[in-house]
Amino acid sequence: MAALGKNDHIYLVDGSSYIFRAYHALPPLTRKSDGLPVGAVSGFCNMLMKLRDDMEVDSSPTHLAVIFDPPGGSFRNGIYEAYKANRGAPPEDLVPQFPLVRVATEAFGIPALEVSGFEADDLIASYTKAARAEGAQVTIVSSDKDLMQLIEDGVDMLDTMKNRRMGHDAVIEKFGVGPDRVIDVQSLAGDSVDNVPGVPGIGIKTAAQLISEYGDLDSLLARAAEIKQPKRRESLIEFAEQARISRELVTLKCDTPLPADWAAMRLGDPEPETLIGFLKAMEFTTLTKRVASRYAFEADQIEATDSLQAAARPAAKAAPKAGASSNELPRAGTRAATYDPRQDWPPIAPATYVTITQAEELAMWIARAEEQGYFAIDTETDGLDAMQCNLVGISLAIAPGEAAYIPLAHGSGSLDLDGGGAQMPLQTALDLLAPLCARDDIVKILQNAKFDMLLLSRYGVRFCAIDDTMLMSYAMAAGQHGHGMDELARLWLEHEAISIKTLLGTGKAQKTFDQVPIEDATRYAAEDADITLRLWMTLKPLLAAQGVMTVYETSERPLVPVIVEMEANGVMVDRQHLSHLSGELAQKMAAMESEIFDLADTEFNIASPKQLGEILFEKLSLPGGKKTKTGAYATGADILEGLAAEGHALPAAVLRWRGMAKLKSTYTDALPTFINPTTGRIHTSYSLAATTTGRLSSSDPNLQNIPIRSEEGRRIREAFIAPEQHVLVSADYSQIELRILAHMADIGALKSAFAEGQDIHAMTASEIFNVPMKEMTPEIRRRAKAINFGIIYGISAFGLANQLGISRGEAGDYIAAYFERFPGIKDYMETTKKAAHAQGYVTTLFCRKVHFKDIDAKQPALRAFAERAAINAPIQGTAADIIRRAMIRMPAALESLTFPAKMLLQVHDELIFEVHEDKAEDLITSVRRVMEGACEPRIKLAVPLVVDARAAKNWDEAH
């Protein structure tokens, strides 16, 4: 091998990682001439081109090579048969692109290297060792943590997507140890992605602590009996051999055969004819022009350049269309190519959109969508209830600036409001579009897909292979901003979309969309589809770039059809029961009004904050009165709760009255108005992107806010019933957030209690109050329960005092005792707060990001609120991820049963089903299995998930 010197600088690119980044970074792309999938090749070329540009500016490299994984397994499969067994086959549309990226690499004048039986990481390690032996500097272009063991003086890593160089400090930040101990830490922690077993119950943080204390893996395993924590000690002793096997798996080989010498890797310009010929053969028009411009190629020279046409057209001519959904996900933290396709888009111009009224014209648009493998679709309706409104029109977009509207029911239903051309018959449009929407090899792009899918399901249209731009934004930016189309258009496209108010008006004069002239409707509706397509092309690459592709693909997108089916199922309610209960509440409120008037020594309008404030703070002279900008006293719940906690009877009575009034107006009076006249059921609407933590919220009606513990709340739940000979099954995660806290904060006492099935609140009370379990009273247990759940939400001494009716001092002592007994919780809280301040977000166990805009706010109150929310978010967000995963798996589980069953509702940590009464126990068994296994195989919790489930004729009895 040719010699190197100390002035040489070798760049080694992790090509296999680049391929998957490129595949997930850009929208599906096929070559028009033959349908060959080329999206990954396009992204790969752009990434490689940018790397060459950047590194020439930054570091004067002398050598460059791209290293790939070879086909087949590696020597590691002989060590451990299950190595990488969790990884599925690569997506079908990616397979024909593997050889093309190697051709692309060579076309750029860069060696594409691989060695059979060894992974790309091993070859990178071997070249790194060889280069350092000759004094050269090495930069490894990758973000793969497995390569961090190679970092040393003269060797760094470059994450091109974050534009970040990583050295010794980055390794310590990632693993808690230096590069020379990364292998030991990985041997203990394992790797769920590669199916490296490690030692159960030991994560990166714990592994780093152990290695730092004992020096290395062998010393740790030899002295495992000295470890104080019983569970940890037992795991290390029992799984010592598994740790040693894991060390063999994670240790990179530094002595593989080297397939090319340094001379072959010497950096130089590509042969322009070869590179342009390849790009032209791939039909990358924009990229071809950019490269041609760089090398001063004229148009006629480009036309004559075809040296790689044959090489670029492999036998995969019948490759599947791009756009089929993929189960292969990138590792968290991968970034997308920085090429911005928006620079080539025409401006958004509603006047250019077309109106489709003829079947032949619609068929041409459908053919275009089929050819390229994706299109955007949106619906227009005469209302906002997807279960009752009517379809008025459908808009499509097949390319930026190419959008159309299909009017179906404007005006009289046959002519537009201007007396112009005929509209398309509804059934004609549906017959043409339904087969397209059902195809699994063509991506349907929607904004808030749930609404359109639920609406069109009533017309017999079913969707397969969808993408939802609202959920893409939500996966990336929960907590940062809203995810509605208008806001996303302003944020990402710098465009102000046409406001619906300009078409429909407001107030009493507001009209419905079927009354809008078709010309105006076309501009508005087609713009929606155009914006949606542009947002997809913008946001889809960023999912991988921001490390949330897995969240989107496993927790967001697959949930949409599940929610559509659940909303369509609806739930029965007993109208007579609600009417009776409404009357009872009215009587109770009347009695409470008399009590309030007696306490106030006068009658007044209890619902008037102004009159209530005058009674409290002027007539009765209660403390704490503060006037708002309107001049009236503030009488919010927090004010009244504070006064009630101090022993004042009137505020406490008003709070009870308000609670009754809210239940009556929100539920007993309102629920009957939500009964669908066609189905006879209530169909609540779920919002998938409304909360910051991933929890679902519901509206029309809101079923999440029905009081759980009050008698009135139970009576309301009694109104939700099952049909004749059927029952409702309620399946509820037991104390899921406390279980997640025990896992995330690594609290041994809590983990043991959950593992042994103990009463967690009684155990906590025993620990904090030094009360033996046998002497536990309901009151002491209640206090411990309040602390357990309060800690999760960052409760203050003031809040706990109000909840338990004790002094702030006593509440503060309880909290202090809790942290003293379970110090790991305090450590978790502080670590989480630091992470939130450092990066602006926290993550769940499933890598969901929850952002906090006010985490560094100057106002102490805002900052403190954000910190409390940040402490809770990983716990509540993980619980949300778990129930989402359970819901996503539930349809397949229900389908496999030999009897019909429906999932009806999701409320907090509870799922509600409907089934024939004879099959209830069979359903419970199946549902419990899915819910309790929802984490696996991705996450192995240190505590078991437990689901309480029962069947009854109404929701309350089943709860």
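Preceding this paragraph is the structure being described.
These numbers were taken from a predicted model, which means no experiment stands behind them. (Residues numbered from 1 in each chain as written. Predicted model: local features only at pLDDT ≥ 70, side-chain atom pairs only at ≥ 80, totals over all residues. Heavy atoms only, no water.)

(A) Quick peek at helix H6 (residues 168–175). Of all the positions in H6, only Ala170, Val171 and Phe175 are classed as buried. Projected onto a plane normal to the axis of H6, the buried residues spread over an arc of 110° and lie on a single side. Exposed and oriented more than 90 degrees from the buried face of H6 are Asp169 and Glu173. Residues of H6 that are buried sit in contact with strand S6 (164–166), helix H7 (182–189) and helix H8 (204–214). Looking one or two residues beyond H6, the residue adopting positive phi is glycine 176, at roughly 80°. (Buried < 20%, exposed > 50% of the residue type's maximum accessible area, 1.4 Å probe, protein only. Helix = DSSP H or I, 4+ residues; strand = E, 2+ residues; numbered from the N terminus. Arc of directions from axis to C-beta. Contact = heavy atoms within 4.5 Å.)

(B) Structural context of the environment of alanine 835. By the secondary structure assignment, alanine 835 is in helix H36 (residues 823–839). Residues alanine 835 and isoleucine 19 lie 816 residues apart in sequence; the distance between their C-alpha atoms is 31 Å. With residues near it in sequence (within four places) discarded, alanine 835 still touches Gly840 and Tyr841.

(C) Focus on the environment of histidine 683. Secondary-structure assignment places histidine 683 in the loop between helix H28 (649–668) and strand S14 (685–687). Residues histidine 683 and isoleucine 172, 511 residues apart in the sequence, show an inter-C-alpha distance of 52 Å. With residues up to four places along the chain from it excluded, the contact list for histidine 683 reads Met387, Glu567, Ala568, Asn569, Gly570, Asn676 and Asp700. A distance of 3.4 Å separates a polar atom in the side chain of histidine 683 from the backbone oxygen of alanine 568. (Polar contact = N/O pair within 3.5 Å; in protein donor to acceptor, adjacent residues only side chain to side chain.)

(D) Expanded view of the sheet that holds strand S8 (residues 374–381). Strand order across the open sheet formed by six strands is S7-S10-S9-S8-S11-S12, with mixed pairing between neighbours. Of all strands in the sheet, those with a lone pairing partner are strand S7 (354–355) and strand S12 (466–468), marking the two edges. When strand S11 (residues 443–446) meets S12, the two strands line up parallel, connected through three bridges. Directly across from lysine 444, in S12, lies its bridge partner isoleucine 466. Relative to the sheet, helix H17 (residues 426–438) contacts S8, strand S9 (391–399), strand S10 (402–407) and S11, its axis offset from that of S9 by approximately 45°. (Pairing = 2+ DSSP bridges. Axes fitted to C-alpha atoms, helices over the stretch in contact; angles between N-to-C directions.)

(E) Main features of the pattern of salt bridges. Counting across every chain of the model gives 45 salt bridges. The partner of arginine 102 in a salt bridge is glutamate 114, and the shortest N-O contact between them spans 2.9 Å. Taken together, the residues span a long stretch of sequence, with arginine 102 in helix H4 (residues 98–107) and glutamate 114 in the loop between strand S3 (112–113) and helix H5 (120–133) at a distance of 12 residues. On the basis of relative accessible area, glutamate 114 is assigned to the partly exposed category, the value being 31%. Residue glutamate 519 is joined to arginine 523 by a salt bridge in which the shortest nitrogen-to-oxygen separation is 3.4 Å. Within this pair, glutamate 519 and its partner arginine 523 are both found in helix H22 (residues 518–545), separated by four residues, close to a single helical turn. For arginine 523, a relative accessible area of 28% corresponds to the partly exposed category. One network of salt bridges, in which partners are shared, links Asp467, Lys540, Glu553 and Arg557. (Salt bridge = Lys/Arg side-chain N within 4 Å of Asp/Glu carboxyl O.)

(F) Geometry of the packing of aromatic side chains. Scanning the model with the defined rule gives 13 aromatic pairs in all. Each ring, one from tyrosine 818 and one from phenylalanine 819, has its centre 6.3 Å from the other, and the planes form 80°; the classification is edge-to-face. By the burial criterion, tyrosine 818 is buried, and phenylalanine 819 matches it. Ring plane angle 70° and centroid distance 5.1 Å describe the contact between tyrosine 818 and phenylalanine 822, whose orientation is recorded as edge-to-face. (Phe/Tyr/Trp six-rings, centres within 6.5 Å; stacked < 30°, edge-to-face > 60°.)

(G) Layout of the packing of helix H32 (residues 760–769) against helix H35 (residues 808–821). One can describe the packing of H32 onto H35 by two numbers: an axis separation of 9 Å at closest approach and a directional angle of 100°. It follows that H32 is roughly perpendicular to H35 by the angle criterion. For the pair H32 and H35, the contacting residues are Thr764, Glu767, Ile768 and Phe769 in the first and Tyr814, Ala817, Tyr818 and Arg821 in the second. (Parallel < 35°, antiparallel > 145°, perpendicular 65-115°, else oblique.)

(H) Representation of the packing of H35 against H36 in the model. Two numbers describe how H35 lies on H36: the axes approach to 4 Å, and their chain directions differ by 95°. If you check the angle between H35 and H36, you find them roughly perpendicular. Contacts between H35 and H36 involve Tyr818, Phe819, Glu820 and Arg821 from the former and Pro823, Ile825, Lys826 and Met829 from the latter.

(I) Spotlight on the environment of proline 823. Take proline 823: it is sitting in helix H36. Accessibility expressed as a relative area gives 45% for proline 823, which makes it partly exposed. Taking the C-alpha atoms as reference, proline 823 lies 9.3 Å from alanine 745; in sequence the two are 78 residues apart.

(J) Just unusual backbone geometry, in detail. Following aspartate 700, the chain continues to proline 701 via a peptide bond in cis, the omega torsion being 0°. In this structure, aspartate 601 takes a positive phi of about 60° despite not being glycine. Relative to the elements of secondary structure, aspartate 601 occurs in the loop between helix H25 (575–600) and helix H26 (609–619). Taking the relative accessible area as the measure of exposure, aspartate 601 reaches 62% and is therefore exposed. Phi is positive for aspartate 746, which is not a glycine, with a value near 55°.

Keep in mind that these numbers describe shape and distance, not what the molecule does.
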